[in-house]
Amino acid sequence: MNQNYSANLYRQRLKKTMRPTKRETLLESVRSVTKEYCKESSISGLKHLVEERTPHIEKAIWTITLIAALICSVSLVWMTFQRYYQAPLVTTQIPEGISINKIIFPAVGICTNNRISKRAVTELANALLKEKRNEKYNEKKMLSMLFGLGLLYNLQMDPNIVDVMELHQTLGEYDVNELMKNLTPKCEDLLLRCSWNENPMACSKLFDFRLTMNGYCCTFNYLRSSDVMFEESTDARSTDMYMYGNKSSFDFDQGLKVLLYLEEDDDFFYNTPLNGAQLQFSDAYDFPDAPSGSFSMQIVSPHVQLEVLASASFTEASRDIEHVSLKLRKCLFFDESSYLPFYTHSDCLLKCRMSFLMEKCNCTPFNMPKIRNTKTCDLTDVPCLTKYHAQSTTVRPDLEEIPPELELDLVGGGIYCPMCYPTCSKTTYNYDYTNVHIFPDHVNPTPDKDKIDWL
């Protein structure tokens, strides 16, 4: 008994003389600091947990209350974070705006509704009649056959209007692009007078004969480097590209003015059943193509002065948002896509549609840019192009549930292009059109001295 008592006493004395370990010191410090914090904290209820006089049941109630409050606070913070994560980007308007010199003038295209010149197609008919294989035709029959070339413009025409295989054999060996280009009314016959920023200029210096979705048209400020190849290198296009091109102050009296001459005697095939011409607008570096966006069109009727007021909206995205996932920001910078060397939304949709036609018909229409090592559709491909025309002009939106009002089932579901996001930085244009009827000179003669200089 005495030995046990002596051993316990020895252990107590030894414990008092031993220095506490670091872990014990740390735990004691945390315990004391926590107790002091709870006593002095402004958070209601914490001091009741450390007071020795507080009953145990009251401590339990306060503990449950504080845990519930903590859960609610964490849930609120998590919900706020989730809302931010789903929409982390903010769009703000620059109060002072931007300089007009940073806004490039849009590309302008003028296309006669008469897509095939009567003079040109008559010359072609006479040349074909000299071929031995066409001895059974006369000029009238040959012109009737050549009217079927309109199927390359309008795939919704009656396919029985001409036997496309017979027409294909009648033409012999031909390049579709060169054939349709030679048959299109020329700019020198369509454009009489031109003015840029109130300076009269020769129309040939302002307009080029270039390919658009409506075939070959007279284009102004269309800065794409080539009609032959679709995929341009980064050397041909860069972020500095918008420093070039014809810029205007966008004032009412500034900009482009054109006087058209619509020669009805030269009419042969109308792509649109209306007299006049199509005035089309697009981004200066995007191919003019309605289904791919970046396109606006208006009909110019004979004896009408059409005034177009263009307004521009410039959106610039900070490169700081690149860390945000593509699924959240839903836009691409020009150098982010592996699908295109220089990315724009319009070019992406255009390439997606062209790839669809390549897969289905093994060719692309003549009124689209060319992809390397691909065939241009000729008359033998018209049945296939007709079959997939509606689907090839409809792009299905990237949505989990497609709204039924889009009626995509009528166009085979459209084309799915999930790689085509909007462009992060872009310039969009809005156009307001005003038509004023012009009376002929014999009704309302205007002396030459009263006409404006460019006319």
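Residues numbered from 1 in each chain as written. Predicted model: local features only at pLDDT ≥ 70, side-chain atom pairs only at ≥ 80, totals over all residues. Heavy atoms only, no water.

Named according to an unreviewed UniProt entry, the protein is Sodium channel protein Nach originating from Pieris macdunnoughi. Per its UniProt entry, the protein bears the Sequence similarities (unreviewed entry) comment "Belongs to the amiloride-sensitive sodium channel (TC 1.A.6) family." Regarding the protein, the UniProt comment filed under Subcellular location (unreviewed entry) reads as follows: "Membrane". (UniProt positions renumbered as here; feature names shortened; annotations may be inferred.)

Asks: Pulling in residues and values, what's your account of the UniProt feature "transmembrane region" (unreviewed entry) in the protein?
Replies: Mapped onto this structure's residue numbering, the UniProt feature "transmembrane region" (unreviewed entry) falls at residues 60-81. Counted over residues 60-81, helix gives 100% and strand 0%. Its end C-alpha atoms are 32 Å apart. (Helix = DSSP H or I, 4+ residues; strand = E, 2+ residues; numbered from the N terminus.)

Asks: Please give an account of the sheet that holds strand β3 (residues 191-196) that cites residues and values.
Replies: Strand order in this open sheet of 3 strands is β4-β3-β7, and the pairing throughout is antiparallel. Each having just a single partner strand, β4 (199-201) and β7 (256-260) make up the two edges of the open sheet. Taken over all neighbouring pairs, the strand axes of this sheet differ in orientation by 25° on average, direction set aside. Both β3 and β4 contribute to a ladder of 3 bridges, which runs antiparallel. (Pairing = 2+ DSSP bridges. Axes fitted to C-alpha atoms, helices over the stretch in contact; angles between N-to-C directions.)

Asks: Explain the pattern of salt bridges to me, using residue names and the numbers behind them.
Replies: Evaluated as defined, the whole model comprises 10 salt bridges. The salt bridge partner of E263 is R119, with a shortest N-O separation of 2.9 Å. Of the two residues, E263 sits in the loop between β7 and β8 (269-270) while R119 sits in helix α5 (residues 118-129), which places them 144 residues apart along the sequence. With relative accessibility at 40%, the residue R119 sits in the partly exposed group. Two residues, D289 and R353, come together in a salt bridge whose shortest N-O distance is 2.5 Å. Residue D289 is found in the loop between β9 (277-282) and β10 (295-300), and its partner R353 is found in helix α12 (residues 345-361); the two are separated by 64 residues along the sequence. Owing to a relative accessible area of 3%, D289 belongs among the buried residues under this scheme. Through salt bridges with shared partners, one network takes in R119, D189, E263 and D266. (Salt bridge = Lys/Arg side-chain N within 4 Å of Asp/Glu carboxyl O. Buried < 20%, exposed > 50% of the residue type's maximum accessible area, 1.4 Å probe, protein only.)

Asks: I'd like to hear about the environment of A317, residue by residue, with values.
Replies: Looking at the element boundaries, A317 is found in the loop between β11 (304-315) and α11 (326-329). Residue class for A317 comes out buried when judged on its relative accessible area of 18%. The spatial distance from the C-alpha of A317 to the C-alpha of C424 is 5.6 Å, given a sequence separation of 107 residues. If sequence neighbours within four positions are ignored, A317 has contacts with F333, C424 and S425. (Contact = heavy atoms within 4.5 Å.)

Asks: Give a description of helix α8 (residues 176-183) that names residues and reports values.
Replies: Every buried residue of α8 is listed here: V176, N177, L179, M180 and L183. Here the buried residues of α8 occupy an arc of 165° about the axis, which is enough to place them on one side. Of the surrounding secondary structure, the elements contacted by the buried residues of α8 are β2 (114-116), α5, α7 (164-171), β5 (207-212) and β6 (215-220). At the N-terminal end of α8, a side-chain oxygen is found 3.1 Å from the backbone nitrogen of N177, two or three residues along, and the residue is D175. (Arc of directions from axis to C-beta. Polar contact = N/O pair within 3.5 Å; in protein donor to acceptor, adjacent residues only side chain to side chain.)

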